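Overview (structure and organization)
As a plain string of letters, each chain reads:
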Amino acid sequence: MCGIAGMIGLPSDRNITDNMLASMKHRGPDGEGRYQSGDCCLLHVRLAIIDPDGGRQPMMLNWAGEQLVLVYNGELYNTMELRRELISLGHTFRGHSDTEVVLHAYAQWGASCLDRFNGIFAFAVWEDRKRKLFLARDRIGVKPLFYMNRGGGLLFASEIKTILTYPGVKPALDEQGAAEILMLGPGRTPGSGIFRDIYELEPGCCGELKSGKLSVRRYWYLKDREHRESFDETAETVRYLVRDAVTRQMVSDVPVGTFLSGGLDSSLITAICAGEMEKKEEKLHTFCVDYENNDRFFVPGKFQPDSDGAYINLMQEKLNTCHHRTVLTSEDLIAALEDATLARDLPGMADVDFSLLAFCRRIRSHVKVALSGECADEIFGGYPWYRDPEVRALDGFPWAQNTAQRADMMSSQLRDRMNGESFVRDRYLQTCRESDILPGTTAEERRMKEMVNLNFRWFMQTLLDRKDRMSMYCGLEVRVPFCDYRIAEYLYGVPWAYKDHRGVEKGLLRTAMEGFLPDEVLWRKKSPYPKTFDPGYGQLIGARLRSLLEQKDAPIWYLVDRQAAARLLTAEHLWPWYGQLMKGPQTMAYLLQIDFWLRHYQIEFVF
């Protein structure tokens, strides 16, 4: 994977480009490149995974009288098929990188090349003679791309921090951005960059900049369709799609590993990868994270019924992998608070981010590429809120049924300018309205499709942000096979009764993959990403919040009501702040992230 950036219609000297490249060096420690033509400047940093010698960027191609220049962050998983087709159409290749295939595909098909790609990507192509820029992002949104219109020109980059290095760009927060942070965070409205005037190109979207004007369109979204296959036929299709997605995503010229939590999703990926490695008489490297004292303090709950250790050991022994266990302390988590915020450029999922960042640093010492089980729950309906009729019937985002509590956290300055509850409800209802649903669909099926679309466009994006920023901050590429768009497309049309087969979360997936895992793992009740249960962590976070509460001029108090923040020290709310894992200590850590973010980025309030 890589980092990309560019400036069109704006001044760009060596000092500017040096600063922009330095800001994204963590995404591409293996090399950097620049392209300059008049008022177009394209930048690239590279993490070399495929064809280290032949994949250098920016990459240029002269085609039909036009010079095309590409900067690309991503991975294509159907490179060989596209390459063969392009060769048959008269194209010649110098190397075997997917970057070169993306460039030739754009030369051949223009924007419609996106319909042919199976992969994760964000890229820009400059057409020098036409003075036109094309931007695109993958269907699911695995790879990020932000942009800013400025003075008739355009800035774009893989991460917000790179845009903020451009001279004169001041980090500013208006009431809309502040409401995003408090009422929706760590999620955010699709397309929002939180900072004033910074936007994210949404998943499944592309844009064209010509004569200083950027036009954006959506080229893909989840479309409903009539499902005519029996349950057994559906299970067979799922089995094929999952196996094919995983094996495609093992392509690499450097060693590949897998995350192994002992849960269904990571264990399936690991089993398939281990089988492929065994064919080559090689061992798969697997990785898990645990926390000091969790064996002493773990308490089963609704969202985390049992611990992972025994299941990890079972999988490791069955598959004979080369396993690496990372144990983090509460101090390790606290130490990663600032870096995790810098990695996202925004307040994030508290210690759920901190732990992943620390974990990825350890993994990077062994492999450059790892596969992870993210996003199966959104697509196959695995979360508790899919299956809880009470939560399903409620208005509002199901992973954050705490809108009133969040509104109470708003400072008086912000409350005077913004109705927080209306802000959330409007976005929720808009997403429900945008769900593609066939006429005549039953009320239950309609609601389940709304739930999928809500999760797909909101909750899943937060997790993909987390995965990309925490891993790439360490120069590690993490791939997510369940985000293969073919799986998402197919499953959207599958009836809920199939997905909930046997009344078990992800019952369809479990049935489809029988034979790959021991039954103890295959039918294990869902358990989320592990977190620390050590009370020492809550005590450390609480001490830091008490210290912050004593600082009367801390910037956070312009956004957050101090008394409401203080109540977090003594009260545990019914609903987590976000998802399943952000409870009391994590909510306090989120506030600490907000304060650090405001200070570090020297954010100006413009409301």
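A short tour of the structure in this document, coming up.

About the cut-offs
- Residues numbered from 1 in each chain as written.
- Predicted model: local features only at pLDDT ≥ 70, side-chain atom pairs only at ≥ 80, totals over all residues.
- Heavy atoms only, no water.
- Phe/Tyr/Trp six-rings, centres within 6.5 Å; stacked < 30°, edge-to-face > 60°.
- Helix = DSSP H or I, 4+ residues; strand = E, 2+ residues; numbered from the N terminus.
- Buried < 20%, exposed > 50% of the residue type's maximum accessible area, 1.4 Å probe, protein only.
- Salt bridge = Lys/Arg side-chain N within 4 Å of Asp/Glu carboxyl O.
- Pairing = 2+ DSSP bridges.
- Axes fitted to C-alpha atoms, helices over the stretch in contact; angles between N-to-C directions.
- Contact = heavy atoms within 4.5 Å.
- Expected span 1.5 Å × (residues − 1).
- Arc of directions from axis to C-beta.
- Polar contact = N/O pair within 3.5 Å; in protein donor to acceptor, adjacent residues only side chain to side chain.

**A word on the packing of aromatic side chains**
- Within the structure shown, the criterion is met by 27 aromatic pairs.
- Note on Y106 and F134: the rings are 5.2 Å apart at their centroids and 35° apart in plane angle, and the pair reads as tilted. Residue Y106 is located in helix α3 (residues 98-109), and its partner F134 is located in strand β7 (residues 132-137); the two are separated by 28 residues in the primary sequence.
- Its relative accessible area of 3% is what places F134 among the buried residues.
- An angle of 45° between the planes, with centres 6.2 Å apart, marks the rings of W220 and F456 as tilted. A residue pair is termed long-range when its members are at least 10 positions apart, and W220 in the loop between β13 (213-218) and α6 (231-248) and F456 in helix α19 (residues 443-472) qualify at 236 residues.

**Here's the deal with the pattern of salt bridges**
- All chains considered together, the criterion is met by 53 salt bridges.
- As a salt-bridge pair, D39 and R131 come within 3.4 Å of each other at their nearest N and O atoms. Within this pair, whereas D39 is found in the loop between β2 (31-37) and β3 (40-46), its partner R131 is found in the loop between β6 (119-127) and β7, the two being separated by 92 residues in sequence.
- Taking the relative accessible area as the measure of exposure, R131 reaches 30% and is therefore partly exposed.
- Put simply, K449 and D224 hold a salt bridge, and the shortest N to O gap is 3.2 Å. Of this pair, K449 sits in helix α19 while D224 sits in the loop between β13 and α6, and the two are 225 residues apart along the sequence. Here K449 matches D224 in class, with each residue buried.
- Connected through salt bridges with shared partners, the residues R27, R137, K143, E159, K161, R188, E200, D345, D465, D468 and R469 form a single ionic network.

**Some thoughts on the environment of I87**
- In this fold, I87 is placed in helix α2 (residues 79-88).
- Sequence-wise, I87 and V216 are 129 residues apart; in three dimensions their C-alpha atoms are separated by 31 Å.

**Describing the sheet that holds strand β17 (residues 369-371)**
- A sheet is described by the order of its strands in space; here five strands give the open sequence β16-β15-β14-β17-β18, paired in parallel fashion. Two strands in the sheet have a free side with no partner beyond their single neighbour: β16 (322-328) and β18 (477-479). Across the sheet, the mean angle separating the axes of adjacent strands is 30° when strand polarity is ignored.
- Summarising the sheet, strand β14 (residues 256-259) and strand β15 (residues 285-291) pair through three bridges and their orientation is parallel. When the sheet's bridge partners are listed, G257 is paired in β15 with H285.
- Helix-sheet contacts for helix α12 (residues 351-364) involve β14, β15 and β16, and the interaxial angle to β16 is about 140°.

**Here's the deal with the sheet that holds β2**
- In spatial order, the strands read β2-β3-β1-β9-β8-β11; together these six strands make up an open sheet with antiparallel pairing. The open sheet has two free edges, formed respectively by β2 and β11 (199-200), since each of these has just one partner strand.
- In this sheet, β3 lies alongside β2 in antiparallel orientation, the contact comprising seven bridges. Residue pairing across strands places G33 opposite H44, the latter belonging to β3.

**A word on helix α18 (residues 420-434)**
- The end-to-end C-alpha distance of α18 is 22 Å, a good match for the 21 Å that 15 residues give at a rise of 1.5 Å each.
- Among the residues of α18, those classed as buried are G420, F423, V424, R427, Y428, T431 and C432. One face of α18 carries all of its buried residues, which in axial projection span an arc of 160°.
- Here the buried face of α18 lies against α5 (175-184), α16 (403-409) and α19.
- With a side-chain oxygen lying 3.2 Å from the backbone nitrogen of E421, the N-terminal cap of α18 falls on N419.

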